[in-house]
Amino acid sequence: MGCCDGGGTRRRAALLFLAVAAACVAAAAAQEPNTDAYFVSGFFSKLGRPAPSASGGGGGGGVCSWPGVSCDGEGRVTAFSAAGMGLAGAIPEDTVGKLARLQVLDLSGNRLTALPNDLWELGASLRALNLSGNAIAGALPNNVGNFARLQALDVSHNAFAGALPQALGSVASLQVLNASHNRFQGQVPSAVVFGCGNLVAMDLSGNALDGELADLSPLRSLAYLNLSGNRLSGSIMGAFQEQLKSIDLSNNRFSGFNFSSGYAGSALMYLDLSGNELLGEFNIAGRFRNLRHVNLAHNQLSNANLLVSMGEISELEYVNLSSTGLHGQIPQFSSRLVGLKVLDLSRNNISGVVPDMSSLRLHVLDLSVNNLTGEIPVALVKKLASMDRFNFSYNNLTVCASELSPEAFAAAFAKSRNDCPIAVNPDSIKKGKGKHKGMKLALAVVLSLFFSVLGLLCLAVACRRRRKRCDTLPVVKQVSFKEEPSVSGPFAFQTDSTTWVADVKVATSVPVVIFEKPLLSFSFADLLAATSNFDRGTLLAEGRFGPVYRGFLPGGIQVAVKVLVHGSVMEDQDAARELERLGRIKHPNLVPLTGYCLAGDQRIAIYEYMENGNLHNLLHDLPLGVQTTEDWSGDTWEDNVGGVATEIITPEGTATWMFRHKIALGAARALAFLHHGCIPQIVHRDVKASSIYFDCSMEPRLSDFGLSMIAGTSTDNDLLHHSPGYTPPEFFISENAMATAKSDVYSFGVVLFELVTGKKPLGDEYPDQKEASLVNWARAMVKANLGSSIIDPKIRDTGLERQMEEALRIAYLCTAELPSKRPAMQQIVGLLKDIEPKGAEQD
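All values reported here derive from a predicted model rather than from experimental measurement.

Colleague: I keep staring at the packing of aromatic side chains and nothing clicks. Help me out?
Modeller: Describing an aromatic ring pair means giving the distance of the ring centres and the angle of the ring planes. Tallied over the full model, the rule gives 17 aromatic pairs. With centroids separated by 5.4 Å and ring planes inclined at 35 degrees, the aromatic side chains of Tyr766 and Trp777 adopt a geometry described as tilted. Taken as a pair, Tyr766 in the loop between α14 (741–757) and α15 (774–783) and Trp777 in helix α15 lie far apart in primary sequence, 11 residues in all. Its relative accessible area of 3% is what places Trp777 among the buried residues. Members of the aromatic cluster, connected to one another through ring pairs, are Phe390, Phe392, Phe409 and Phe413. The ring of Tyr812 has Arg779 lying over it, and the distance from NZ or CZ to the ring centre is 4.0 Å.

Here it is as structure tokens:
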């Protein structure tokens, strides 16, 4: 018995050994050189990763059972996916490039940096290649033409540069081409247009493609086209082919948009032409019957009937016509627009009343910054609670917003009047008509007596204050030309007899216009009292247009008073009209003009006071509420008025990349609004760090827009030129150079360089460079690929370095020597938004 048991044990041991040996032989065979298993395993091992285990854990199926691997009937790999596995480095040679029957390769969402030389050997089999979301740099070689059977190519979100290869045109089977968000330059290859007749979707957005767009009519199968975020120019006519369902040409430089006579756009559902330079009328009557999404924002259109035409497109869901120069009135939208969810008509010149749109199923409604008047319909107000977002700010509207909190009202109805009737408790009203009339009569008598007494009291107080002011202000009296009042100040009442203050005979007879408070009666005498007779103790700054004073108007209204001392040949009526126009220009990133005064030959602009100083102080370690005493060339705020110091906000907490990006984006939006949202266009002429202020919430606001015409029109004065360090090169080449939108872009580029480097435009230390200006130094470093070395140490560790480097590249584009090479401000806004940091982002 014992012998039999021993023999059985030996037999079982022998069988176990044979099974293990067989498994080892099978595994060895699976990893034999020049097999698909060997190549796939080598791919992972060369990238420092173990090969994935077989699905189910058994491993009996070999490589074909590995996750991400598919095989044909002969056990050969036909599809391989290693997407989102955190793989880093160059794709290794002799791995995936050797899978002779590979049809689908997906390596997206990793950190791969280079392509293998043998990748192109897959030309006979490969049908889909996805390399998106990596860091592959350099040129996309013409070898891509080897993929004769390729149907889908996605190389988006990499660092490919240079021109798109003409060899793509030889891939006749290509249906999907996505090369978006790289650094491709040059024109859209004509070979692609003529050779890829089966192309269904083409996305080349987020590159640096330029030149005019070719006629895309040879692409008869093309349904989805995205060329946004490039530098393409000329006409967009060639893009409008009848079979296209989606067209996105936003954020380019297109200027012409005439449609061909037979084009109906019956298939088009998505259209985005925002952020271009389109001019004139955009006629859509009789077209686009299936359009659902249309965005024409930030162009310079002028079609008053555009909204009427859109009201006939029943499928519309999204309409954005912000900053298009739209005028006329909002029509009563047809009930056919039952699917409309988003309507943005903000920042235009629309007038008239707000129609009742309560029948529409809107989620977003923005009518802000227009010239709308009257009362918002009650039915529409009741619908607001069900919307995701709404904004009626910066119009002249009346609304009963009793159900909104003060914060919500301030955010959505800024500069509107909240006018709700006084609520009455119905239980307190008697049923008897005679008693009801008696109560009304008694109430009327009581209220009349109350307001009469209140009016008499106010009149007495006003007269007393007026007498007191008259006793203390020497300029209220009739001042002769030869008198020399003994009041100090920068205008020196002691100066020559032609001083502008002396020309104001009766200060109380000169009105001060305050736009938002038309019922308040202010005069030049109030301005004198508010600024202590323009005493140097209230002086905030001495800017290019004249000195700025801090003052408190009656009622505690804190203002900044800018005296435009250069004068102007403009008549009083014209100056008033221009100041009224500037007062209607509202934007969250502009310092608002709140009023004005025409005192003698002098024009005085009254602004909302900015509590927290300007960008010049922030960048150069000055307390935000304190100016530099030795340099009065920039408009910088003081913090001590009459011996009472305001709160000083230190730069601590503001020296972060997120905050500086916020400043750049805010200033860019302000300029884009002036350039593209105002008709006629407003050229700032003096963009600089000291022109960007911070309000009480530390929001950046651009000041001094539109003053050059009022402050002086002589061609030989300095107001037509930019400040030192911010002056574009064309001003040094020609004495007759005029300020344009592109010269503003240059100055903005200098500010952007300042924000990222922390350096001054002139006279600072620029390491490793003999250049005497920030622009020459920074451009040289960016061109040499050394942008990361010039980032301000204060912000280097507060955000993603690649975003800061991209901001330097944007500044490089803005400061191009040729104005034609500089992007438009609306494009700059798009570029800055693409690198907007998030709160949780870290290096």
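Okay, back to it.
Colleague: Even after reading the chapter, I still don't get the sheet that holds strand β17 (residues 253–256), so can you show me in this structure?
Modeller: Reading across from one edge, β7-β9-β11-β13-β15-β17 is the order of the 6 strands in this open sheet, with parallel pairing throughout. Across the chains shown, the open sheet's two edge strands, defined by having one partner strand only, are β7 (137–139) and β17. Recorded for the sheet is a direction-independent mean angle of 15 degrees between the axes of neighbouring strands. Relative to strand β9 (residues 159–163), β7 runs parallel, the two sharing 3 bridges. Bridge assignment links Ala139 to a residue of β9, and that residue is Ala161.

Colleague: What is the right way to look at helix α2 (residues 36–46) in this model?
Modeller: Because an α-helix completes one turn every 3.6 residues, residues spaced three or four positions apart along the sequence face the same direction. Across the 11 residues of α2, 8 count as buried, placing the element largely inside the fold. Residues of α2 that are buried include every one of Asp36, Ala37, Phe39, Val40, Ser41, Gly42, Phe43 and Phe44, and no others. Two residues or fewer after α2 comes Gly48, characterised by a positive phi angle close to 75 degrees.

Colleague: Would you mind going over the pairing of strand β27 (residues 371–375) with me for this structure?
Modeller: Regular strands show a simple pattern: their side chains alternate between the two faces of the sheet. Looking at chain direction, strand β25 (residues 349–352) and β27 are connected through 2 bridges and run parallel. Along β27, the bridge assignment pairs Ser351 with Asn371. Judged from the 3 bridges that link them, β27 and strand β29 (residues 396–399) form a sheet pairing that is parallel. Residue pairing in the sheet places Thr373 in a bridge with Asn396 of β29.

Reading guide: rules and limits
Residues numbered from 1 in each chain as written. Predicted model: local features only at pLDDT ≥ 70, side-chain atom pairs only at ≥ 80, totals over all residues. Heavy atoms only, no water. Phe/Tyr/Trp six-rings, centres within 6.5 Å; stacked < 30°, edge-to-face > 60°. Helix = DSSP H or I, 4+ residues; strand = E, 2+ residues; numbered from the N terminus. Buried < 20%, exposed > 50% of the residue type's maximum accessible area, 1.4 Å probe, protein only. Lys NZ or Arg CZ within 6 Å of the ring centre and 35° of its normal. Pairing = 2+ DSSP bridges. Axes fitted to C-alpha atoms, helices over the stretch in contact; angles between N-to-C directions.

Structural measurements only, silent on function.
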